[in-house]
Amino acid sequence: AHFACGQLKQLVAVRAVSGAVSGGMVIAVSVVAMELCPADRRAFVTSVGFAVGWVGGLLLLVGVDWLAADRPWQWLAVAGLVPTPLALAYLPESPHFLLAAGRADAALAALRRIA
């Protein structure tokens, strides 16, 4: 989206929308983490996961900025997109989704794994 912004007004509008979406992502990540973790580890995984995620993400962006010093600022925006498909490729389906999809056996196996 940042590549399409030719003017400051467009950039501000796109950043406002992405900022609003970020709040929803925090909730979604919390729910997924709590749904996929055993009950005795949920608080630890969500709190440490957020701390490591924020710090790790910021360090990643600093590293990308250093590596892409000769390139335009849009490279930082692209670097922020890279972790998403990687995470989606490795995250298991939640028991709730599996039940909704009619895959009760897989949902039961997932529940046994996290219980």
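Just so we're clear, the structure is a prediction, and the values are computed from it rather than from any experiment.

Asks: Explain the packing of helix α3 (residues 74-81) against helix α4 (residues 83-90) residue by residue, including any values.
Replies: Across the interface, α3 lies against α4 with an axial gap of 5 Å and an inter-helix angle of 5°. Considering the angle they form, α3 stands roughly parallel to α4. Side by side, α3 and α4 meet where Ala79, Gly80 and Leu81 of the first sit next to Pro83, Thr84 and Pro85 of the second.

Asks: Would you mind going over the environment of valine 78 in detail, with residue names and values included?
Replies: Relative to the elements of secondary structure, valine 78 occurs in helix α3. Classification of valine 78 by relative accessible area gives partly exposed; the value is 31%. When the C-alpha positions of valine 78 and valine 64 are compared, they lie 10.0 Å apart, and in sequence the two are 14 residues distant.

Asks: Got a sec to walk through the environment of glycine 19? Specific residues and values, please.
Replies: Residue position: glycine 19 is located in helix α1 (residues 8-36). Exposure remark for glycine 19: the relative accessible area of 42% places this residue in the partly exposed category. Glycine 19 sits 62 residues away from leucine 81 along the chain, and the two C-alpha atoms are 15 Å apart.

Asks: Which residues make up the side chain of threonine 46, and what values do they have?
Replies: Within the secondary structure, threonine 46 sits in helix α2 (residues 42-67). Within polar-contact distance, the side chain of threonine 46 engages the backbone oxygen of arginine 42 at 2.9 Å. From its side chain, threonine 46 meets the backbone oxygen of alanine 43 in a polar contact 3.2 Å long. Excluding residues that lie within four positions of it along the chain, threonine 46 makes contacts with Ser30, Ala33 and Met34.

Asks: Can you break down the packing of α1 against α2 residue by residue, with the values?
Replies: With their axes 9 Å apart at the nearest point, α1 and α2 run at an angle of 145° to one another. Crossing hand, α1 versus α2: right-handed. Where α1 abuts α2, its residues Val26, Val29, Ser30, Ala33 and Met34 lie against Arg42, Thr46 and Phe50. Grouping the amino acids of the contact of α1 with α2 by side-chain chemistry returns 5 nonpolar, 2 polar and 1 charged.

Quick notes on the rules
- Residues numbered from 1 in each chain as written.
- Predicted model: local features only at pLDDT ≥ 70, side-chain atom pairs only at ≥ 80, totals over all residues.
- Heavy atoms only, no water.
- Axes fitted to C-alpha atoms, helices over the stretch in contact; angles between N-to-C directions.
- Helix = DSSP H or I, 4+ residues; strand = E, 2+ residues; numbered from the N terminus.
- Parallel < 35°, antiparallel > 145°, perpendicular 65-115°, else oblique.
- Contact = heavy atoms within 4.5 Å.
- Buried < 20%, exposed > 50% of the residue type's maximum accessible area, 1.4 Å probe, protein only.
- Polar contact = N/O pair within 3.5 Å; in protein donor to acceptor, adjacent residues only side chain to side chain.
- Left-handed = near helix turned anticlockwise from the far one by under 90°.
- Nonpolar A, V, L, I, M, F, W, Y, C, P; charged D, E, K, R; others polar.

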